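Descriptive analysis of the structure
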Amino acid sequence: MAASLVLALVVAVTVRAVLFRSSLAEFISERVEVVSPLNSWKRVVEGLSLLDLGVSPYSGNVFHETPLIIYLFHFLIDYAEFVFMTVDVITAVALYIVADDYNKVVFRKQRHSFECQRYAPDVITLVRTPKEMYHIPLKVALFYLLNPFSVLTCVAKSTCAINNAIIAIFVLATVKGSAFISAIFLALATYQSLYPIALFAPALLYLAQKDHVSVNLHCGAFYVYFLKYAVMFLGCLLVSLCLSFFLLSSWSFVPSTYGFILSVPDLTPNIGLFWYFFAEMFEHFRLFFVCVFQINVFFYTLPLSVRLRDHPMFFMFIQIAIIAIFKSYPTVGDVALYMAFLPMWSHLYRFLRNIFVVTCMLISSSVLFPVLWHLWIYAGSANSNFYYAITLAFNVGQILLISDYFYAYIRREYHLVTGLHLKSKDGKEAHIVLK
Amino acid sequence: MAVPIVIGPGRGLRLWLAPGLLLAACLLTAGARAVAARAEQCPQRDRFQEEMVLKPLGSGDLAASFQFHTRWDAELSQRDGGKSKVSHYRLFPKSLGQVISKFSVRELHLSFTHGFWRRGGWGQPFQQTPPGAELWVWFQPSVSCVDTAWKELTNVLSGLFCASLNFIDSTNTVTPTASFKPLGIINETDHKYLRYAALPREIVCTENLTPWKKLLPCGSKAGLAVLLKAERLFHTSYHSQAVHVRPVCRDQLCTSTSWELTQSLSVVFDLYASGSGKREWSLFKMFSRTLTEVCPLASQSTIYVDITDKDKANDTYELMPPAPMRLNTTVHGRSRSYAVYNLLNPNLYSISSQSLNIALKWKLSKQFVLPEEPVFHAERYVSGFGLQTGKINTLIYNNHPSRSFPVLLMEIVPWYLRLYVHTLTINTKGKENKPSYIHYQPAKDRERPHLLEMLIQLPANSITKIGIEFERALLKWTEYPPDPNHGFYVSSSVLSALVPSYVPMETNSTKPAPLFTRLFPCSDSSVYFVRLYTEALLVNLPTPDFSMPYNVICLTCTVIAVGYGSFYNLLTRTFQVVEPSGGLAKRIANAIRKLRGVAPI
C-alpha cells in the first residue's frame, strides 16, 4: 500500500512539474474557475511587490490574502512551485491517513454493533468488509492527487491548495483524536478563509465520541468538552490574528480579507452563485441578500449536527461540500477537496439515485466553463448569461451530488437497523419514502 | 537642469525622492517669479490684458490661441471673521472671486477640451490640456477638511460653467505628490491641499463657452472676444478653453499678493480641408467676424502672428495689413518671430470699414514644410484582446540629439481596471530603465483610483516604453454608464519635464513676449517646462445582461432553494414504509373492475 501511495505521489508530482514547465501554466493561472480574487497567485505577487514599494498591500483592493501568506511567500517566493507541489502531497498523505484511520474506526464500530445485535439479520450485503475497505485510502489519495481540479489548482498556484492542506491536516488531527492540534489547524483554516469555522461542529462531535464523552445536551461532561475545545480554538484564532497584527502593526488586513469574503465587493466571475447575482442585484436589497447568502453557508451546521451526531465524519464531508458550494468565492480547488472524500463513501453506491446524471452534469459543465468563457470574453459571440447558466448547472450538479450522498447515507443507516428486504403488509417489496 | 538620477533598486525609495523634489522646486521658483515685474503705474487696482496668437501649423491647419489676463491687487482670501474683505469687484469676475474666497482656494486650474492636440503634426502648443475636463485646485492651508471643500467647489463650478464637474467624486480625484506644483507664489507645498481630477468623457459645447465668456470684462461685446462665436469655434479640429486663477507677486519685492485670472482659449482650424484647397486665411474666414473696436477696459490688446516659417519658405506669403512691428523671442526652446498688431493703435483699422481683418495671402502655391518634430512627446495605447486583461503602453520620445532629461509621469487609472504594479516594465533602447522615484497608490473599489507617479530619466535620442498590465472588473449593472459597450475612458497621463532648449531661453520676464509664456516662466535659460498629456484611452469592460435582473435573481434563488429544499427534506424526515393505499386512479379502476365483475387490483 505504501509503495502504491509513493507511486501515486511520484506520478502526481510529475504531472504537476510537467504542467508547470509547459506553456499551459500561464493559461491555467488566469482561469477564473481555478483562481478567485481571494487566492490568485498574481495577486500574491502583487501584494509582495506592493510591500517592496513600501505600500501596505491592504491599502488597495487587489490583495486579499492573510498576512501569513505574505510572510510565507516573502521567503519562499522563488520556490513557489515546489511549495505548491509539497502542499498537495501533504494534503494527499493526510487524507490517506485519515481514510486509513477512519476505516479502522468504522470496522471496530461495525463489529461492536454486530456484537450488540443492533443490526437487522439480513443486512450482510450492506456490511463493509476489510477487502472492500483495503483500497479506500489509496483511492482517496488518488482522487485528490490526480483530480484535474486539484492539478489545475496546483499549477495555477492558487493558495486554495494551502487552505486545503490545512483543512486536511485538521481532519487528520481530528481523526487521530488530538484535540489541541485539531483546534490549532481549525483556527488556521478559519484564519485563512473564514468559512471552515463551520467545521467546528463535526470536529467537536468526532473528538467527543473518540474520547467516549456522550454527546448529550443533558450531560455536563459534554459541555466541559465543548468549552475546552472552543477555548482552544478561539485562543489559537486570537493568537494568529494578533500575530498578524504584530507583523503588520495594523488591523487593515481584517476588512481586506474577512470583510472582502463577507461583503462580496469583487464581482469577477467564478464558479459560484454570488457574482452574477450581486452584479444584477438592486442596490437597496444588496445587504439583505448578502446576509441571506452568507447565513445559508452556516445554516445547515446545526441541523446536520443533530441529524448526523453519530456520524461526525460524514457530517464533516457534507459540511466541507456545503462550504465549497455556497461560499462567496469558490474555485475548483474547493470542489477537489470534498471530492477526495467520495471514495470513503463508495459503499453507498447501491443507494445513489442519480449519480450518472449528476456525473454527466458535472463533467459537461466543467468542459463548458472555458468554452463559454471564451465565447463571452474573447469571441464576443455570447454574453454573460451563457457563462452564468453553466455556473448554475454546475452548482445544481454539486447540490444534487451531495444530497444524493446524504440520502444514500441515511438510507443505508435505516436499512442496517430495519433490514434490507422490507416487505409491506401484502408481502410485496416495500415502498420506502422520506416522510 | 542637471537632475541627479540614480538608478537604484526599488526598495528604499526615500533616498531617491531628491530628483523629484528638485524638479518640483525648479517649477516653484519659476512660478514665484511669475508676473512680478508687470506692475504698471495704474490708478485702478486691477487691469485687463488680452491677446491672440495665430500660428500656421505645418499640417496646413491654423491654431488661434486667445489669452485674457485680469490682474487684481486685492486680498481675496477669507479673514478670520469669516467675512470676505472684498465686496467691490470691477474687472475681476465676481462669481469667481466669491467662489475663491468662500472655499479658500489658493489656485484653480480648470480646462475643457474637445479633440486632441496632435503634437506630431502641430508641434508644441503653448499649453496643452487633456481631452474632456480637467480641474486641479490648491487650497489654502486654513482649509480644515479639504475633501469637503473640494466636493462643494466642484459642485459650484459645475453650476458656474454648466459642466458635469459634479461627477468628480472620490473615484476620480487624486492628490498627486509631485506632478502638480502651484504656479503662483507659494508659502507651503504640502500636497495634501492639492486635488486633481479629470473627466475624459466630458463633452465641451456652447453651454460651457457662454459662462466662460461672461467672465470677461467686456463680455463678447468688444475686443478680441468678438471673435469668439460658438458656431465657428466648435467647428474646429481642436477646441480648448481654460481658466487659471493664481496668486502672483504684486511688485518686485513681493511683499503682497495679487490675484491673476487667466482665461485662455485655443482652437485649431482645419483651413486646408474647409478652404477648398487654399491655405489662405483671414480673421473673417475663420471667425466670420472682424475686429471693430478694442475693449475699452483693456490695457493691452495684441495680436501676434507666428511668421517663423515665413523666413524659411523664402517669403512666399504676406500678411494684410502688414504688421507694424516684429518681435523675436524664444518659445519652447526655439526662437520664433511674431508679427505684432497692437489693437490699441487706431491707425490699424481700415478707414473704409472701421475694422481690422488680418489676412494671409500666398504668393506661390506652397510646398509643405515638414513639421518639425517636437523634442519631447508621448503616446499611449491599450494592447491585448478580449475582455479579461489588457496592458497600457506609453511611449515617451526624447528627440534631443545630445541631452537626456528626467520626466515625471503621472497615471490615473480608474479602480475598475485593476493594475498590477509588479507587471510594470520600463524599457529604453532595449534595456530596463529603473525609475528613480515611484509613488503608487493602489485603488480601492468604488472609492479611489490608482495613482502612479514615476520619475524616469530619458536618455538622449531615445524611445522609452512603459507597460503595465491590468485586469478588467465586472461591475454592478447600475454602475455602467448609458451605452456601456461604448467603453470606459481612462484619463490622459500627465508628463511634466524640464526639456533642454536649443537656444538660450529668455529668463527676463519684463521683456515683451506673448502672455502665454508667462504661465510657466523660465528661471533657467537652458531648459523650459513642458507639461503634456497623452491620449485618453477607451477601454471596454465585460458587461452583464442588463435586461436580466429579475431572471437572475429568480434563477439563483431557485438553485439556493434546490439546495435548501433537498437538505431540509433529508434533515427533517425519516424513512418509512408506505402501505400501498391506492390513489384516486386505483380506486376508480377498482370500481370499474367491480362493475365488470373482475377481481380488484
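What counts, and at which threshold
Residues numbered from 1 in each chain as written. Chains lettered and ligands numbered in written order. Predicted model: local features only at pLDDT ≥ 70, side-chain atom pairs only at ≥ 80, totals over all residues. Heavy atoms only, no water. Helix = DSSP H or I, 4+ residues; strand = E, 2+ residues; numbered from the N terminus. Rg over C-alpha atoms; globule rule 2.2 N^0.38 Å. Buried < 20%, exposed > 50% of the residue type's maximum accessible area, 1.4 Å probe, protein only. Contact = heavy atoms within 4.5 Å. Areas by Shrake-Rupley, 256 points an atom, 1.4 Å probe, with all protein chains shown as cover. Lys, Arg positive; Asp, Glu negative; His and termini not counted. Charge placed at Lys NZ, Arg CZ, Asp CG, Glu CD. 1 Å grid on protein atoms, 1.4 Å probe; cavity = no way out; pocket = protein on both sides within 12 Å on 5 of 7 lines; lining within 4 Å. Points joined across faces, edges and corners; volume = space filled by probe spheres on them. Nonpolar A, V, L, I, M, F, W, Y, C, P; charged D, E, K, R; others polar. Buried area = accessible area lost by both parts, 1.4 Å probe. Salt bridge = Lys/Arg side-chain N within 4 Å of Asp/Glu carboxyl O. Polar contact = N/O pair within 3.5 Å; in protein donor to acceptor, adjacent residues only side chain to side chain. Core = buried A, V, L, I, M, F, W, Y, C linked by side-chain atoms within 4.5 Å. Disulfide = S-S within 2.5 Å. Phe/Tyr/Trp six-rings, centres within 6.5 Å; stacked < 30°, edge-to-face > 60°. Lys NZ or Arg CZ within 6 Å of the ring centre and 35° of its normal. Pairing = 2+ DSSP bridges. Axes fitted to C-alpha atoms, helices over the stretch in contact; angles between N-to-C directions. Patch = residues over 30% accessible without salt bridge, like charges linked within 9 Å, V, L, I, M, F, W, Y side chains within 5 Å.

Observations regarding the overall build of chain A
Per the secondary structure count, chain A includes 20 helices and one strand. Its C-alpha atoms give chain A a radius of gyration of 22 Å, near enough to 22 Å, the size a compact globule of 435 residues would have. Out of the 435 residues in chain A, the part that is buried amounts to 60%. Excluding contacts between residues fewer than 6 apart, the proportion of contacts in chain A whose partners are at least 24 apart in sequence is 76%. Here chain A displays about 17300 Å² of accessible surface, and carbon together with sulfur accounts for 71% of that area. Of the side-chain charges in chain A, 29 are positive and 24 negative, and the distance between the mean point of each set is 11 Å.

Brief notes about the layout of surface pockets
All names here are of chain A. Estimates place the volume of the largest pocket at around 980 Å³. Looking at the lining of the largest pocket, the elements that each hand over two or more residues are α5 (80–115), α11 (200–210), α17 (312–326) and α20 (384–418). A per-element tally of the lining of the largest pocket places α5 first, with eight residues. Here the lining of the largest pocket is built from residues that sort into 13 nonpolar, eight polar and nine charged.

Thoughts on empty space enclosed by the protein
Taken as a whole, this structure holds 13 cavities of 30 Å³ or more when the rule is applied. As for the second largest cavity, its lining consists of 23 residues, of which E30, V32 and T268 of chain A together with Q388 and E471 of chain B are closest to the centre. Of all the secondary-structure elements, those providing two or more residues to the lining of the second largest cavity are α3 (41–52) and α19 (355–379) of chain A together with β22 (462–472) of chain B. The element best represented in the lining of the second largest cavity is α19 of chain A, accounting for three residues. Tallied by class, the residues present in the lining of the second largest cavity amount to eleven nonpolar, six polar and six charged.

Let's talk about the interface of chain A and chain B
The interface is formed by 72 residues belonging to chain A together with 59 residues belonging to chain B. Contact between chain A and chain B buries roughly 6200 Å² in total, counting both sides, with carbon and sulfur atoms accounting for 65%. Of all residues in chain A, K42, E280 and K435 of chain A bury the most surface against chain B, accounting for 11% of the area lost on that side. Joining chain A to chain B, the criterion identifies four salt bridges. Linking R43 of chain A and E471 of chain B is a salt bridge whose minimum nitrogen-to-oxygen distance equals 3.2 Å. Linking chain A with chain B are 28 residue pairs in polar contact (both at pLDDT 80 or more), by the criterion used here.

Re the nonpolar core
What tends to happen in soluble globular proteins is that the nonpolar side chains get buried as a cluster. Of all hydrophobic cores here, the largest spans 223 residues; its most connected members are Y229 and W345 of chain A together with F376 of chain B. In terms of residues, this core owes the most to one element, α20 of chain A, which gives 16 residues. Residue contacts for F376 of chain B: discarding those within four places in its chain leaves R119, Q124, I396, Y397, F405, V407, L458, L495, A497, V499, V530 and L532 of chain B. Membership of the second largest hydrophobic core comes to 92 residues, among which are L54, L165, C295 and Y317 of chain B.

Examining the state of the cysteines
Under the criterion given, the structure shown has two disulfides over all chains. What pairs with C249 of chain B in a disulfide is C254 of chain B, and their sulfur atoms sit 1.8 Å apart. Across the disulfide from C249 of chain B to C254 of chain B, rotation about the S-S bond amounts to roughly -60°, and the bridge is consequently left-handed. Owing to a relative accessible area of 31%, C254 of chain B belongs among the partly exposed residues under this scheme. With its bonded cysteines labelled in order along the sequence, chain B shows the pairing 1-4, 2-3. Of all cysteine sulfurs in the structure, the one in C242 of chain A sits closest to C236 of chain A, which takes part in no disulfide; the separation is 12 Å.

Focus on the packing of aromatic side chains
Here the distance between the centres and the angle between the planes together describe a pair of aromatic rings. All chains considered together, the criterion is met by 74 aromatic pairs over all chains. Ring geometry for W275 of chain A and W376 of chain A: centres 6.2 Å apart, planes at 20°, overall stacked. Here W376 of chain A lies in helix α19 and W275 of chain A lies in helix α14 (residues 274–279), a separation of 101 residues in the sequence. Take W376 of chain A: its relative accessible area is 4%, and that puts it in the buried class. Ring geometry for F282 of chain A and W477 of chain B: centres 5.5 Å apart, planes at 80°, overall edge-to-face. Of this pair, F282 of chain A sits in the loop between α14 and α15 (286–299) while W477 of chain B sits in the loop between β22 and β23 (488–490), on two different chains. The pair F282 of chain A / W477 of chain B is uniform in exposure class, with both members buried. The ring of Y420 of chain B has K42 of chain A lying over it, and the distance from NZ or CZ to the ring centre is 4.4 Å. Sitting over the face of the ring of F351 of chain A, R350 of chain A holds its NZ or CZ atom 5.6 Å from the ring centroid.

Side note on the environment of N166 of chain B
All names here are of chain B. Mapped onto the elements of the fold, N166 is located in the loop between α4 (146–160) and β5 (173–174). Considered as a pair, N166 and F269 are 103 residues apart in the sequence and their alpha carbons are 31 Å apart. Apart from residues no more than four positions distant in its own chain, N166 is found in contact with K151, T154, N155 and S158. A polar side-chain atom of N166 sits 3.4 Å from a polar atom in the side chain of S158.

Some points on the sheet that holds β22 of chain B
In space, the five strands of this open sheet follow the order β15-β16-β22-β18-β19 (chain B), with antiparallel pairing throughout. Both edges of this open sheet fall to β15 (376–383) and β19 (431–432) of chain B, since each of them pairs with a single strand only. Two elements, strand β18 (residues 417–428) of chain B and β19 of chain B, share two bridges in a ladder whose sense is antiparallel. By the bridge assignment for β19 of chain B, T428 of chain B is matched with K431 of chain B. The strands that α3 of chain A touches are β16 (389–398), β18 and β22 of chain B; relative to β18 of chain B, the one it contacts most, it runs at about 65°.

Notes on a nonpolar patch on the surface
Residue and element names in this part refer to chain A. On the surface, a cluster of nonpolar side chains totalling about 380 Å² of accessible area is made up of L7, V11, V15, L142 and L146. Considering every element that reaches the nonpolar patch, the biggest residue donor is helix α1 (residues 2–21), with three residues. When you line up the elements, V11 lands in helix α1. The class for V11 is partly exposed, based on a relative accessible area of 37%.

Observations regarding the side chain of T464 of chain B
Residue and element names in this part refer to chain B. Turning to its location among the elements, T464 is positioned in strand β22. Residue T464 is classed as buried on the basis of its relative accessible area of 0%. Looking at T464, its side chain comes within polar contact range of the side chain of T428, at 3.3 Å. If we skip the residues at most four places from it in the chain, T464 touches T394, L395, I396, I426, N427, T428, N433, I456, L458 and P459.

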